[in-house]
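Topology and contacts: notes
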Amino acid sequence: MNLIYNWMYYIASGGLILIGLYIVLVKTNLIKIVIGLHFINTGVNILLICIGYIRGRTAPIFSKPGINPTNVVDPVPQALVLTAIVIGVAVLALALSIVIKVYEHNKTLSVDQIKGLKW
Amino acid sequence: MRRIISLIILAIIAVGFILTFSQIPFGKDKIDVANYYIKKGIEETGAVNIVTSVVLNYRGFDTLGEVTVLFIAALGLGAVLFVERKVQKNASNSEDESKRASLILRTGSNLLFPLILLFGAYVFVHGHLTPGGGFQGGAIIASGFLLMYLAFPKQSIDKKSSSVVESLSGLVFVGIGLLGLIFSGYFLTNFLPKGIPNTLFSAGIIPIIYVAVGLKVGFELTGIIDDLMGRSR
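Scoring rules and cut-offs
Residues numbered from 1 in each chain as written. Chains lettered and ligands numbered in written order. Predicted model: local features only at pLDDT ≥ 70, side-chain atom pairs only at ≥ 80, totals over all residues. Helix = DSSP H or I, 4+ residues; strand = E, 2+ residues; numbered from the N terminus. Buried ≥ 20, exposed ≤ 12 C-beta atoms within 10 Å, placed from the backbone. Contact = placed C-beta atoms within 7 Å. Axes fitted to C-alpha atoms, helices over the stretch in contact; angles between N-to-C directions. Parallel < 35°, antiparallel > 145°, perpendicular 65-115°, else oblique. Left-handed = near helix turned anticlockwise from the far one by under 90°. Nonpolar A, V, L, I, M, F, W, Y, C, P; charged D, E, K, R; others polar. Expected span 1.5 Å × (residues − 1). Bend = angle between axes of the 7 residues up to and from the residue.

1. Observations regarding the overall build of chain A
From N to C terminus, chain A includes 3 helices and 0 strands. Each of the 119 residues in chain A was classed as buried or not, and the buried ones make up 26%. In chain A, the share of contacts with a sequence separation of at least 24, taken over all contacts with a separation of at least 6, comes to 54%.

Structure representation (C-alpha cells):
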C-alpha cells in the first residue's frame, strides 16, 4: 500500500512511456506506431507534472487570500507542459499526415511490406 | 525475435527509470529555482497566476520558440497535404446530400459554437488571473471549429482571413518583444504599467501577448483540422 501511495504517479507515467516504447518497437501498423508515440508524449507530460507536485499544496495562483508562497507547488514544470500539450497535438497531426502520404505511395500501412524499410 | 529484443530493451530502460526516480521522492518539497518565482512573481510581473508569469515573462523567449514550433508543424502539415486538396475539391461537387450530418447535430452545433468561442476567449483573456491562458483558450476555440466541421462537412473557414489573423497575432508577439527592446533594453521586457494585481487590466504585456497567442493557436489548430478534413470532403 505504502509503495503505491508513494510512487503511484511515477509508476503510471513510467508505465505509459514503456507501453508507448513497446508499441513503437513491436507493432508494424503505422497508425499504431503514431499512437505509441503519443503514449510516450503523455507519459512524459505526466512525469514532469508529478515531479513538480508537493503533497498537500495547491496550484500556484494567488487569486484568493490565504494562499501563501509556502503552500503552492512548483510552477515551472506546469509552464513547460502547458505548451508541450498543444505542440504534441500539432506534431501528432503532422505525423498522421505523413502516414497518409506513406499509405498513398505504398498502398499499405504495414511497415513490413514497405520496400526499403527493414527493422 | 523482435518481441524478445524489444522486451530486453524495455527492461533495461525500466531499470534505469527505477534507479533514477527512487532518488527523487514524490510529493516532497524539492523546488529551488521556482521559489524565486513564487516569492517575487507578483511584485515583478503583476500576474497572480505564477504559471502564466513563468510562461510569458521569465521564459517569454522560450514560449516564442514553442509558438514557432507549432507554426512549423502546421506549415509542414499543409505542405504535405497540399497537392491532394486541389484534386479532392473537384470531386466533392458531384457528391450527393446523403453524407449530411443529422438535424440534432447541426442545430446543437449552431447553438454551442458561439458559446464555445466565448469560453475560449474568456480563458485566454483571463490567463493571468485564473487557470488557463492562450494555449488552452486557443485549443478550446479550435474544438469549437472542429464541431462545426463535423456538423457541416461541406463548408470550410475562409483560409485567407484566418491566415491573416494568425500572422498578425504572431507579429504582435514579436512586435511587443521588440518594443520591450526599445523601451527597456531587453527583448520581451514588460514596459507597460503593472497595475493592481488580481484585476483584468494588470500584469502589463502579459494579457496582450496571451490574446495574441490564443488567436494564433486557435486558428493554427483550425487550419490543421481544415487540412485534415479537406481530404475527406
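2. A look at the packing of helix 3 (residues 75-106) of chain A against helix 3 (residues 50-58) of chain B
Two elements in contact, helix 3 of chain A and helix 3 of chain B, have axes whose closest approach is 9 Å; the angle formed by their N-to-C orientations is 60°. Put simply, helix 3 of chain A runs oblique to helix 3 of chain B. As for the relative orientation of helix 3 of chain A and helix 3 of chain B, their crossing is right-handed in sense. For the pair helix 3 of chain A and helix 3 of chain B, the contacting residues are Pro 75, Val 76, Gln 78, Ala 79 and Leu 82 of chain A in the first and Ile 50, Val 51, Val 54 and Val 55 of chain B in the second. Among the residues forming the contact of helix 3 of chain A with helix 3 of chain B, the class breakdown is 8 nonpolar, 1 polar and no charged.

3. Looking at helix 5 (residues 103-125) of chain B
Because an α-helix completes one turn every 3.6 residues, residues spaced three or four positions apart along the sequence face the same direction. All names here are of chain B. Compared with an ideal rise of 1.5 Å per residue, which puts 23 residues at 33 Å, helix 5 spans 34 Å between its outermost C-alpha atoms and is within 8% of the ideal. The largest bend along helix 5 measures about 30° and falls at Leu 112, with the proline Pro 114 one to four residues further on. For helix 5, the set of buried residues is Gly 120, Val 123 and Phe 124. Tucked inside the fold, the buried residues of helix 5 contact helix 6 (134-151) and helix 8 (206-229).

4. Thoughts on the interface of chain B and chain A
Opposite the 48 residues of chain B that make contact, chain A presents 39 residues. For the side of chain B that touches chain A, the elements supplying multiple residues, two or more each, are helix 1 (2-21), helix 2 (33-45), helix 3, helix 4 (60-92), helix 6 and helix 8 of chain B. Tallied by class, the residues present in the side of chain B that touches chain A amount to 33 nonpolar, 8 polar and 7 charged.

5. Quick word on the environment of Val 54 of chain B
Structurally, Val 54 of chain B can be placed in helix 3. Taking the number of C-beta atoms within 10 Å as the measure of exposure, Val 54 of chain B has 29 and is therefore buried. Along the chain, Val 54 of chain B and Glu 43 of chain B lie 11 residues apart, while their C-alpha atoms are 13 Å from each other. In contact with Val 54 of chain B, other than residues within four places in its own chain, are Pro 75, Val 76 and Ala 79 of chain A together with Tyr 37 and Arg 59 of chain B.

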